[in-house]
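# Geometric and topological summary
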Amino acid sequence: MKTYLRPQSVALIALACGAGATLVAFYLAGRQVEREAQADFAIQANLATNLLERRIQRYVDVLYGLEALAYHDPNITRPEFGRYVSALDLGKRFPGVQAVELVRRVADHERDEFVQRIRADRSISPTGYPSFDIRPSGRRDEYWVVDYLEPQAGNEPVFGLDVRTRTGAQAAAERALDTGEPTATGRYRLAQEKGASYGLVIYLPVYSANAPRTVEERRQAHRGFVNVVLRVDDMLADMLGEPIINGIRMRINDLGPVGTQPPPGSDSAMFYRTPEGPQSDPQYLWAQSKQRHERAVEVAGRQWRVQFESDPDTSPWLTRFPLLVLGTGLAMTLMLYALLWSLARARSDAVALADRATSELRTQLSFTQQLIEAIPNPVFFKDARGRYLGCNRAFEDYVGQSRADLVGKTVHDVADSELADRSVLTDRALLEQPGSQVYETSVIYAKDGKRRDVLLNKAAFFTPTGELAGLVGVVVDITERK
């Protein structure tokens, strides 16, 4: 047995399917915009990372220049070092540089002579440096002492500082000494720092021999270091002012030396974070989003994790394309639903009207049939081809056949040939010229087998459109009248 859906159900199913398809399309469009936004932000973050690496490389290039200067003239003087650094124009060309330094290796037996020589050095200051001493005080097997530094203003606390007494500085300097490569400190508080910023010191060793190959050779040939001291806040503030990375927040964590596993708690070893920018409105957090990206960077022998975050912006799901997809999909779904619902209503109205018409027609047909049955005279009706369509019970008695057997037959099937031939002729004349027809004839009643004189009254009938449908006839017994 077939089951058909009601038109209203079809409309509701179309509404549900359309809404579902719209939501799927909205999701796919939102994901696409979200991926594009993430890709765009990743490109911007990668540009920022490249800019950071180039900036650090420029500082390393300064170190190599200082190294070349130290190799060129092992006995370089303080004024010569100062003129060289002054020519670099650090303040303009290398933002964030706190100082550049020449660190000398001094054995314990050379300590007193070294201190006296520095105190008596009047190459820059007419009075020399009478209060100079290696700091912190105390005897050690050797000292790595900050001797030359530029600029001197603001960096006085590190003049004479023994680098080996600073834990972070000592570890970086020792790695640089053993590898012969520039090596940076981790998160480091500069000795001259008066604020809360962290610093970064990159060391490059200076040897007395040309390119020692082994660690032992390097330690034997060690004369000192050149280094560049960076104040991280100043270095990155200038970099983040570049238009190419506008609107990016950056966080840098030091994960330790290259080739080592990050120590526990390295996530908290943050030495830089961009100052807070625009904040999300708590009332509209649902409508805003931030893009994030992370890069691993190697900087002068250190592992950095650089995390980028965008300023709060409109959620990709609420941008033009996903909303256009959502709005268009819903509009088309509602239009289709309205159309199907209207058709369903129209069909329902049509079915209701047809039911009423059918009911009325059945009532009318029932009335007509009962009326025909109530007529005592035989009544019959035929189609335009002469086949019986129906009759009343009196006609059944007249021809001796039931209504069911009679329907579809012609007059030749129920009457003798003479009567049948005449009936066909009169029927044809009536159908050719529709109207009414009356004539007398003699017939044999099947019920009693007697011949009777009858008066046949016939009339044509038509369809509602005016086409000829057939004829109806009434047989009136006039035997007794004669």
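Residues numbered from 1 in each chain as written. Predicted model: local features only at pLDDT ≥ 70, side-chain atom pairs only at ≥ 80, totals over all residues. Heavy atoms only, no water.

### Description of the overall build of the protein chain
Each helix and strand counted, the protein chain has eleven helices and 16 strands in total. For the protein chain, the C-alpha radius of gyration of 56 Å lies well beyond 23 Å, the compact-globule estimate for 482 residues. The proportion of buried residues among the 482 residues of the protein chain is 40%. For the protein chain, the share of sequence-separated contacts (at least 6 apart) that also reach a separation of at least 24 residues comes to 60%. Carbon together with sulfur atoms contributes 55% to the accessible area of the protein chain, which is approximately 26,900 Å² in total. Each charge class in the protein chain can be summarised by its mean position, and for the 59 positive and 61 negative side chains these summaries are 2 Å apart. (Helix = DSSP H or I, 4+ residues; strand = E, 2+ residues; numbered from the N terminus. Rg over C-alpha atoms; globule rule 2.2 N^0.38 Å. Buried < 20%, exposed > 50% of the residue type's maximum accessible area, 1.4 Å probe, protein only. Contact = heavy atoms within 4.5 Å. Areas by Shrake-Rupley, 256 points an atom, 1.4 Å probe, with all protein chains shown as cover. Lys, Arg positive; Asp, Glu negative; His and termini not counted. Charge placed at Lys NZ, Arg CZ, Asp CG, Glu CD.)

### Focus on the packing of aromatic side chains
A ring pair, where both rings are aromatic, is described by two values, the distance of the centres and the angle of the planes. Tallying each qualifying case throughout the model produces 13 aromatic pairs. Where tyrosine 59 meets phenylalanine 94, the ring centres are 6.4 Å apart and the plane angle is 50°; that geometry is what we call tilted. On the criterion of sequence distance, the pair formed by tyrosine 59 in helix 1 (residues 7–72) and phenylalanine 94 in the loop between helix 3 (90–93) and strand 1 (97–107) is long-range, its members being 35 residues apart. A ring pair is formed by tyrosine 388 and phenylalanine 395, whose centres lie 5.8 Å apart and whose planes are at 45°; its orientation type is tilted. The ring of phenylalanine 94 has arginine 58 sitting right over it, with the charged end atom 4.9 Å from the ring centre. Sitting over the ring of tyrosine 148, arginine 104 keeps its end group 5.0 Å from the ring centre. (Phe/Tyr/Trp six-rings, centres within 6.5 Å; stacked < 30°, edge-to-face > 60°. Lys NZ or Arg CZ within 6 Å of the ring centre and 35° of its normal.)

### Side note on the side chain of asparagine 155
Considering the arrangement of structural elements, one finds asparagine 155 in the loop between strand 2 (142–150) and helix 5 (167–179). On the basis of relative accessible area, asparagine 155 is assigned to the buried category, the value being 0%. Once you skip the residues sitting within four places of it in the chain, asparagine 155 turns out to touch Gln98, Ala99, Leu149 and Gln192.

### Some remarks on the pattern of salt bridges
The full count for this structure, using the stated rule, is 24 salt bridges. A salt bridge links aspartate 121 to arginine 78, with the nearest nitrogen and oxygen atoms 2.9 Å apart. Highlighted residues: aspartate 121 in the loop between helix 4 (111–119) and strand 2 and arginine 78 in helix 2 (residues 78–88), separated in sequence by 43 residues. By relative accessible area, arginine 78 is classed as buried at 3%. Residues glutamate 142 and arginine 105 are paired through a salt bridge, measuring 3.1 Å at the closest nitrogen-oxygen approach. With a gap of 37 residues between them, glutamate 142 in strand 2 and arginine 105 in strand 1 connect regions that are remote in the sequence. Exposure remark for arginine 105: the relative accessible area of 30% places this residue in the partly exposed category. Shared partners join several salt bridges into a network, and the residues in it are Arg249, Lys290, Arg292, Glu309 and Asp311. (Salt bridge = Lys/Arg side-chain N within 4 Å of Asp/Glu carboxyl O.)

### Examining the sheet that holds strand 6 (residues 248–257)
An order of 7-6-10-9 is seen for the four strands of this open sheet, with the pairing classed as antiparallel. The sheet is open, and its two borders are formed by strand 7 (270–273) and strand 9 (292–299), each paired with just one other strand. Strand-to-strand twist across the sheet, computed as the mean angle between neighbouring axes with direction ignored, equals 20°. Two strands pair when backbone bridges link them, and strand 6 and strand 10 (residues 302–310) are joined in this way by eight bridges, in the antiparallel orientation. Bridge pairing in strand 10 places arginine 249 opposite glutamate 309. Its contacts with the sheet place helix 7 (residues 232–240) against strand 6 and strand 7, and it is angled at close to 35° to strand 7. (Pairing = 2+ DSSP bridges. Axes fitted to C-alpha atoms, helices over the stretch in contact; angles between N-to-C directions.)

### What to know about the nonpolar core
The biggest cluster of nonpolar side chains holds 48 residues, and the ones touching the most others in it are Ile56 and Trp304. Here the element with the most residues in this core is helix 1; it accounts for 13 residues. Beyond its immediate chain neighbours, meaning those up to four positions away, tryptophan 304 contacts Leu52, Ile56, Leu200, Ile252, Asn253, Asp254, Phe271, Arg295, Ala296, Val297 and Val299. By size, the runner-up hydrophobic cluster in this structure holds 31 residues, among which are Val158, Phe159, Leu161 and Val229. (Core = buried A, V, L, I, M, F, W, Y, C linked by side-chain atoms within 4.5 Å.)

### What about helix 11 (residues 417–432)?
With 16 residues, helix 11 should reach 22 Å at 1.5 Å per residue; the first-to-last C-alpha distance of 22 Å fits that figure. Among the residues of helix 11, Leu419, Ala420, Ser423, Thr426, Asp427, Leu430 and Leu431 are the ones counted as buried. For helix 11, the angular spread of buried residues about the axis comes to 135°, placing them on one side. Among the exposed residues of helix 11, those oriented more than 90 degrees off its buried face are Ser417, Glu418, Leu425 and Glu432. Looking at the buried residues of helix 11, the elements they touch are strand 12 (379–383), helix 9 (393–399), strand 14 (436–444), strand 15 (451–462) and strand 16 (468–477). Its side-chain oxygen 3.2 Å from the backbone nitrogen of glutamate 418, aspartate 416 forms the N-cap of helix 11. (Expected span 1.5 Å × (residues − 1). Arc of directions from axis to C-beta. Polar contact = N/O pair within 3.5 Å; in protein donor to acceptor, adjacent residues only side chain to side chain.)

### Remarks on a nonpolar patch on the surface
Residues Val24, Tyr27 and Leu28 make up a contiguous nonpolar surface patch of roughly 310 Å² in combined accessible area. The topology assignment puts valine 24 in helix 1. Take valine 24: its relative accessible area is 48%, and that puts it in the partly exposed class. (Patch = residues over 30% accessible without salt bridge, like charges linked within 9 Å, V, L, I, M, F, W, Y side chains within 5 Å.)

### Here we look at helix 4
For helix 4, the complete set of buried residues consists of Arg111, Phe114, Val115 and Ile118. For helix 4, the angular spread of the buried residues around the axis is 95°, confining them to a single face. Its buried side turned inward, helix 4 meets helix 2, strand 1 and strand 2.

### Some points on the sheet that holds strand 12
Either a parallel or an antiparallel arrangement is found when strands of a sheet pair, and the pairing is made through backbone hydrogen bonds. Strand order across the open sheet formed by five strands is 13-12-16-15-14, with antiparallel pairing between neighbours. Sheet topology places strand 13 (388–391) and strand 14 at the edges, where each strand pairs with a single neighbour. When strand polarity is set aside, the average angle formed by the axes of neighbouring strands in this sheet is 25°. Taken together, the three bridges between strand 12 and strand 13 define a ladder with antiparallel strand orientation. Along strand 13, the bridge assignment pairs lysine 382 with tyrosine 388. Along the sheet, helix 11 contacts strand 12, strand 14, strand 15 and strand 16; its crossing angle with strand 14, the most-contacted strand, is approximately 175°.

### Re the environment of proline 205
Residue placement: proline 205 occurs in strand 4 (residues 199–207). Every residue in contact with proline 205, bar those within four places of it in the chain, is listed here: Glu67, Tyr71, Ala176, Leu177, Gly180, Glu181, Gly224 and Phe225.

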